Amino acid sequence: MQATRCVIPVIKSPKDYQVYRISPHDTNRLAIIFDSTNANTSLTCCVEIFDPGGQTPPNRHQWAVEMFFVLKGEGIAMCDGKKVPIKAGDSLLVPPTGTHLIKNTGNTRLYTLTIMVPNEDFAELIRSGTPLELDAEDMTVLGRSDALISC
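**Student:** Any chance you could explain the overall build of the protein here in plain terms?
**Tutor:** Of regular secondary structure, the protein possesses three helices and ten strands. N-terminal to C-terminal, the α/β element order of the protein is β-β-α-β-β-β-β-β-β-β-α-β-α. Buried positions account for 37% of the 151 residues belonging to the protein. Accessible surface for the protein amounts to roughly 8,700 Å². Of this, 57% is attributable to carbon and sulfur atoms.

**Student:** Looking at this model, I keep getting lost on the side chain of Glu48. Mind explaining?
**Tutor:** Tracing the backbone shows Glu48 in strand β3 (residues 44-50). Among buried Asp, Glu, Lys and Arg side chains, Glu48 stands out as unpaired, with Arg21 the closest opposite charge at 10.0 Å. A distance of 3.1 Å separates the side chain of Glu48 from the side chain of Thr114, its partner in a polar contact. Leave out the neighbours within four places in its chain, and Glu48 touches Asn28, Arg29, Leu30, Thr56, Phe68, Leu110, Tyr111, Thr112 and Thr114.

**Student:** Which parts of the structure should I look at to understand the sheet that holds strand β8 (residues 100-104)?
**Tutor:** The pairing of strands in a sheet comes from backbone hydrogen bonds and takes either a parallel or an antiparallel form. Reading across the sheet, the three strands line up as β6-β5-β8 and stay open at both edges, with antiparallel pairing between neighbours. With one partner strand each, in any of the chains shown, β6 (82-87) and β8 form the two edges of the open sheet. For this sheet, the mean angle separating the axes of adjacent strands, direction not counted, is 20°. Pairing geometry for strand β5 (residues 74-79) and β6, over six bridges, is antiparallel. The partner of Met78 across the bridge, within β6, is Lys83.

**Student:** Hey, could you run me through the layout of surface pockets in this one?
**Tutor:** Picture a little ball the size of a water molecule; that probe, rolled over the atoms, points out where space is still empty. In this structure, the largest pocket spans a volume of roughly 290 Å³. Residue assignment for the lining of the largest pocket shows that the elements contributing at least two residues are β2 (28-34), β4 (65-72) and α2 (122-127). A class-by-class count of the residues in the lining of the largest pocket yields seven nonpolar, five polar and six charged.

**Student:** How do you make sense of the environment of Val141 when you look at a structure like this?
**Tutor:** Within the secondary structure, Val141 is located in helix α3 (residues 136-141). Its relative accessible area of 24% is what places Val141 among the partly exposed residues. Between the alpha carbons of Val141 and Tyr111 there is a distance of 8.3 Å; along the sequence they are 30 residues apart. Apart from the residues within four sequence positions on either side, Val141 is in contact with Lys72 and Tyr111.

**Student:** Just checking my understanding: could you explain the side chain of Asp35 for this structure?
**Tutor:** Topologically, Asp35 is positioned in the loop between β2 and α1 (36-39). Within the local environment of Asp35, its side chain forms a polar contact with the side chain of Arg127, the two groups lying 2.7 Å apart.

**Student:** Looking at this structure, I do not really get unusual backbone geometry. What am I missing?
**Tutor:** Where the residue is not glycine, phi is negative for most of them; where a peptide bond is considered, it is trans in most cases. With an omega of -10°, the peptide bond running from Val117 to Pro118 counts as cis. At Thr97, a residue that is not glycine, the phi angle is positive and equals roughly 70°. The topology assignment puts Thr97 in the loop between β7 (91-94) and β8.

What counts and how
- Residues numbered from 1 in each chain as written.
- Predicted model: local features only at pLDDT ≥ 70, side-chain atom pairs only at ≥ 80, totals over all residues.
- Heavy atoms only, no water.
- Helix = DSSP H or I, 4+ residues; strand = E, 2+ residues; numbered from the N terminus.
- Buried < 20%, exposed > 50% of the residue type's maximum accessible area, 1.4 Å probe, protein only.
- Areas by Shrake-Rupley, 256 points an atom, 1.4 Å probe, with all protein chains shown as cover.
- Lys, Arg positive; Asp, Glu negative; His and termini not counted.
- Salt bridge = Lys/Arg side-chain N within 4 Å of Asp/Glu carboxyl O.
- Polar contact = N/O pair within 3.5 Å; in protein donor to acceptor, adjacent residues only side chain to side chain.
- Contact = heavy atoms within 4.5 Å.
- Pairing = 2+ DSSP bridges.
- Axes fitted to C-alpha atoms, helices over the stretch in contact; angles between N-to-C directions.
- 1 Å grid on protein atoms, 1.4 Å probe; cavity = no way out; pocket = protein on both sides within 12 Å on 5 of 7 lines; lining within 4 Å.
- Points joined across faces, edges and corners; volume = space filled by probe spheres on them.
- Nonpolar A, V, L, I, M, F, W, Y, C, P; charged D, E, K, R; others polar.

By themselves, these are just geometric observations and shouldn't be taken as functional.
Following this line, the structure appears as structure tokens:
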């Protein structure tokens, strides 16, 4: 009989997320939930927050598949010249080598759960940016207004 192993899952809440803006002129922020440094696997999972009018720069990945799940807001997704509207509840899967971008077309912030597998240096790119914090609006959208630390 083979013994079974109990694996303790890694649990994080929004107050634990590390938030970055990759470049000073970017109009989106990324809050890392899991990556290879804390999940022991080659993936990056983050909440991506787009200001009104904000977007990612056009980008592509050699091997990675990237998935976006829209938590709140509305926008457009473009991939290889095709454009589709996205809104809360929609999922988007971008295959390797697809040149893509996400743009917030709404009047409020756009929030996506963004997962890339394998990591393909995505987490390292995010962490090379400027560290930031989640604000009260972000915490409310993530369902954790109780996680705010008052000064």
